[in-house]
Amino acid sequence: MINLLIYMILSVSVTDQFSDSCSTKVNYKDTLRCYKLPPVVVKAKKWKWILDTCPVSGEITEIREVNRISDIGGIIKSMVNADVVCYGGEGSSQILSLRGASPEQTLFLVDGSQINTAQGGSVDLSQWPISWIDRIEIYRAGGSVEMGAQAIGGVVNIITKKDKETHKYLSLKTGSQSLFDVNVFWASKLFNDKFYFSAGAQRKQGKGDFWFVDENHDTVRQRENSDYKTIGVMTKIGYDFGNNNLELNLRLQDCDRGSPGFSEFPTPDARLNDQTYMIQGKFACNGSFLRSESRMYVNWLNRSYYNPHPIIYANDIHENFAFGIEEKCCLLWTSTFKSSIGIELRKDELLSTTDGECGREKIGAFLQNEILLGNKKSMYMLLLPGIRVEWVDKFLPEICPGVGVAYTLVRGVLTLKASTEKTFRPPTFDDLFWPASAMAVGNPDLLPEKGRNFDLGIILYPLSNQIRTTFTGFHRDIRNLIEWVPGAKGVWRPHNVGKAKIRGIETELSSSFYISKIFLEIISNYTYTRAEDLTGDRNRIGTQLVRRPMYKANLQVYTSFNKYQISTIWNYVSIRYTTSANTKWISEYIVGNCNLLYQLNKNINLSIAVKNIMGKRYIDAINFPVPGRILNANISFDF
């Protein structure tokens, strides 16, 4: 537009001069000057707003440079209705649950492919270096048709970095508890920018020991056996040819630490070693009518668990293997109607000293339509009906329909959203085949858990894009809930005795604006979650499910000016009951973290992170205290 305006002005000037020259009969040679315009900076739309006009209820968060001195658990914990349980300090296990669901009910994906194992189901967030991650997608409801019907408690999709520009990155971090963390990332492109390659490596270690006050005995004690050492490598290789793309991903990681692991009866003396190997291949084809994506992945997890406790002694090895093939196609029938179809084949195998040799096959297929009614420039409605069929070996096939609708009354101002879906989750191998012992035994007669989700939300922009508000109500019914309960002689055994109703309200208020040359962004959210136990036992009916906080609130403030970036996060978590009768609980807490980054020059950044600013004494899990104030310093080189 600017170039056109300049051209018109020059044309008028030349025409006037030519007219004057004709009156004096002097030849005039037309010349056009070249003007160099300043560069135009186009800022990408924030990820948070991408899902606003989509029926799916969720959130997408990109990783800022200032966030890279944090950890993935701390970032996710500040998101709407995401509860992260930390089993200690730096390097300890971090387990996530969404909307009051159990960690095993959350479907975890990496670049679109499932990483949950059939043995235990839950995923440890602490094993993912933040420097490898580009963004985090969380779908609290509405994504199970396309991503997997096993997502009773929602979906988390971790998108790893893919830099198609030449890029070199080195980060060195040190701090409390003898922390030493080195991260390296390198990306390059070749062959007329068609071939791209990126690789990352991390080595992280620390003693992890710290002093804490034992609330039971009111004495000062030292948390021991909390050392950790992690070594990991990630590579991504891709080639673009025309509208097609071929990509190969590889992740290798070895993590050894003092940790409770994933046991029903963790103790502070247990140790855990995880060796992870992930290979993923993808071929994408983008045409004018057909867009397809083919994936193949292999996941291998070798887990060693040692617990020296005299009563629940364990020295076990578990080898989890998963092989999967996925095919997804999108048919663009018209500009207002498109269809997505897909099929997934997956095979899980386990060789374990506890569960023995187990295997499971799964076949899933889905069909989902996207229908646009109206004009996107004003008022319109987006419909997302779909159905998914999954067959899991040794269980009956499950048909899981879902439908979502987003109604935009005023474009960019007001949107109404609603969705409902059916979900299920088969029992894990631990639930089915845990060997008989003095403490626990599995149950091979378990049935899959089944759930139904309902979601209703309002998104409002009262002052254009400067202020964003959301109000969401949700309801979830779960039947055949699998719970480990004590039986005869105190032996724990899983049963389908559970029934739960989880409902609540989620609110979020965010704003971003400039004050002079200072950019300021404020994000706050509050959630109320009533996770009601309807199992039927007179001592527990109507009580809050254990380990589910009823109230959560978060406040994030991010600012950048000149060469500085400052980010602070405050988390509030209400009491969490530890008994099904709600007679005992973990105390509520408020904890704040702060990150400060200074850009020394265009290639070097200095940063400081302070966790638990007030030195708050609190715990997320019984017998696993969280350390007090932690100070970490980081220097990064970016070329």
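Residues numbered from 1 in each chain as written. Predicted model: local features only at pLDDT ≥ 70, side-chain atom pairs only at ≥ 80, totals over all residues. Heavy atoms only, no water.

Novice: An account of the overall build of the protein is needed here, citing residue identities and associated values.
Specialist: Counting its regular elements, the protein contains 4 helices and 35 strands. Put simply, the protein has 639 residues, and 50% of those count as buried. When contacts within the protein are restricted to residue pairs at least 6 apart in sequence, those whose partners lie at least 24 apart make up 61%. Counting every atom, the protein has about 30,500 Å² of accessible surface; 60% of that belongs to carbon and sulfur. (Helix = DSSP H or I, 4+ residues; strand = E, 2+ residues; numbered from the N terminus. Buried < 20%, exposed > 50% of the residue type's maximum accessible area, 1.4 Å probe, protein only. Contact = heavy atoms within 4.5 Å. Areas by Shrake-Rupley, 256 points an atom, 1.4 Å probe, with all protein chains shown as cover.)

Novice: Lay out the nonpolar core with the relevant residues and their values.
Specialist: Of all hydrophobic cores here, the largest spans 22 residues; its most connected members are Ile72, Ile76, Leu96, Trp128, Ile133, Ile136 and Val156. Mapped onto this core, the elements with two or more residues apiece are helix H2 (72-77), strand E2 (82-86), strand E3 (94-98), strand E4 (107-110), strand E6 (133-141) and strand E7 (155-160). Every residue in contact with isoleucine 136, bar those within four places of it in the chain, is listed here: Glu59, Ile60, Thr61, Ile63, Ile72, Ile76, Val156 and Asn157. The next biggest cluster of nonpolar side chains, apart from the first, holds 10 residues, and it includes Leu107, Leu109, Ala151 and Val155. (Core = buried A, V, L, I, M, F, W, Y, C linked by side-chain atoms within 4.5 Å.)

Novice: Would you mind going over unusual backbone geometry in detail, with residue names and values included?
Specialist: You will see that aspartate 111, though not glycine, has its phi angle at about 55°, which is positive. Relative to the helices and strands, aspartate 111 resides in the loop between E4 and strand E5 (113-114). Owing to a relative accessible area of 11%, aspartate 111 belongs among the buried residues under this scheme. Positive phi is not limited to glycine here, since asparagine 582 has a value of about 60°. With respect to the element layout, asparagine 582 can be found in the loop between strand E29 (576-577) and strand E30 (585-586).

Novice: Pulling in residues and values, what's your account of the pairing of strand E28 (residues 564-573)?
Specialist: Side chains on a regular strand alternate between the two faces of the sheet. When strand E27 (residues 551-561) meets E28, the two strands line up antiparallel, connected through 10 bridges. Within E28, the residue paired with glutamine 556 across the bridge is isoleucine 569. Joining the antiparallel neighbours E27 and E28 is a turn of 2 residues, in which asparagine 562 adopts a positive phi near 50°. (Pairing = 2+ DSSP bridges.)

Novice: Pulling in residues and values, what's your account of the confidence of the model for the protein?
Specialist: Confidence in the prediction of the protein, expressed as mean pLDDT, is 84, and 89% of residues score 70 or more. Across the protein, the element-wise mean pLDDT spans from 39 in helix H1 (residues 2-23) up to 95 in strand E18 (residues 337-352). Within the model, the stretch residues 1-32 combines pLDDT values under 50 with 12 contacts to residues more than four positions away or in other chains. Across residues 35-47, confidence stays below pLDDT 50; counting only partners more than four residues off in sequence or on other chains, it has 12 contacts. (pLDDT = per-residue confidence, 0-100.)

Novice: Tell me what's going on with the packing of aromatic side chains, and back it up with residues and numbers.
Specialist: As enumerated under the stated definition, the model contains 15 aromatic pairs in all. Between the aromatic rings of phenylalanine 289 and tryptophan 333, the centroid separation amounts to 5.4 Å while the plane-to-plane angle is 75°, which identifies the pairing as edge-to-face. Separated by 44 residues along the polypeptide, phenylalanine 289 in the loop between strand E15 (271-286) and strand E16 (290-307) and tryptophan 333 in strand E17 (residues 314-334) bring together distant segments of the chain. What makes phenylalanine 289 partly exposed here is its relative accessible area of 38%. Given the relative accessible area of 46%, tryptophan 333 is considered partly exposed. An aromatic cluster is present here, built from Tyr239, Phe241 and Phe283 joined pairwise through their rings. Just above the ring of tyrosine 558 sits the side chain of arginine 64; from NZ or CZ to the centre is 3.8 Å. In this arrangement the basic side chain of arginine 251 is found over the ring face of tryptophan 128, its NZ or CZ atom lying 3.9 Å from the centre. (Phe/Tyr/Trp six-rings, centres within 6.5 Å; stacked < 30°, edge-to-face > 60°. Lys NZ or Arg CZ within 6 Å of the ring centre and 35° of its normal.)

Novice: How would you sum up the pairing of E7? Please name residues and give values.
Specialist: Here E7 lies mainly inside the structure; 6 of its 6 residues are buried. Burial of the side chains of E7 extends over both faces: Val155, Asn157 and Ile159 are buried on one face and Val156, Ile158 and Thr160 on the other. Direction of pairing for E4 relative to E7: parallel, over a ladder of 4 bridges. Note on E7: the bridge partner recorded for leucine 107 is valine 155. Bridge count between E6 and E7: 6 bridges; the pairing is antiparallel. Each residue of the ladder has a partner; that of isoleucine 138, found in E7, is valine 156.

Novice: Give a description of the sheet that holds E4 that names residues and reports values.
Specialist: Pairing in this open sheet of 5 strands is mixed, and the strands run E1-E6-E7-E4-E5 from one edge to the other. Two strands lie at the open edges of the sheet, namely strand E1 (57-62) and E5, each paired on one side alone.

Novice: Can you break down the pattern of salt bridges residue by residue, with the values?
Specialist: Close approach of charged atoms lets side chains of opposite charge pair. On inspection of all chains with the given rule, the structure shows 30 salt bridges. We note a salt bridge from glutamate 137 to arginine 135, for which the minimum N-O separation is 3.2 Å. When sorted by exposure, glutamate 137 lands in the same class as arginine 135, which is buried. Residues lysine 282 and glutamate 247 are paired through a salt bridge, measuring 3.9 Å at the closest nitrogen-oxygen approach. One end of the pair, lysine 282, is in strand E15; the other, glutamate 247, is in strand E14 (residues 244-258), with 35 residues separating them in the sequence. Here lysine 282 matches glutamate 247 in class, with each residue buried. Each of the salt bridges in this network shares a partner with another, and the network as a whole consists of Asp71, Glu90, Lys204 and Lys611. (Salt bridge = Lys/Arg side-chain N within 4 Å of Asp/Glu carboxyl O.)

Novice: Account for the state of the cysteines, with residues named and values stated.
Specialist: By definition, a disulfide links the sulfur atoms of two cysteine residues through a covalent bond. Enumeration over the complete set of coordinates arrives at 0 disulfides. The cysteine cysteine 330 is free of any disulfide, with cysteine 329 supplying the nearest cysteine sulfur at 8.9 Å. (Disulfide = S-S within 2.5 Å.)

Novice: Can you explain a nonpolar patch on the surface? Please cite residues and give values.
Specialist: Together, Met296, Phe321, Phe323, Ile325, Ile343, Leu345, Ile363 and Trp391 give the surface a local cluster of nonpolar side chains, amounting to about 650 Å² of exposed area. Residue assignment for the nonpolar patch shows that the elements contributing at least two residues are E17 and E18. Per-element tally for the nonpolar patch: the top contributor is E17, with 3 residues. Here phenylalanine 323 lies in strand E17. (Patch = residues over 30% accessible without salt bridge, like charges linked within 9 Å, V, L, I, M, F, W, Y side chains within 5 Å.)

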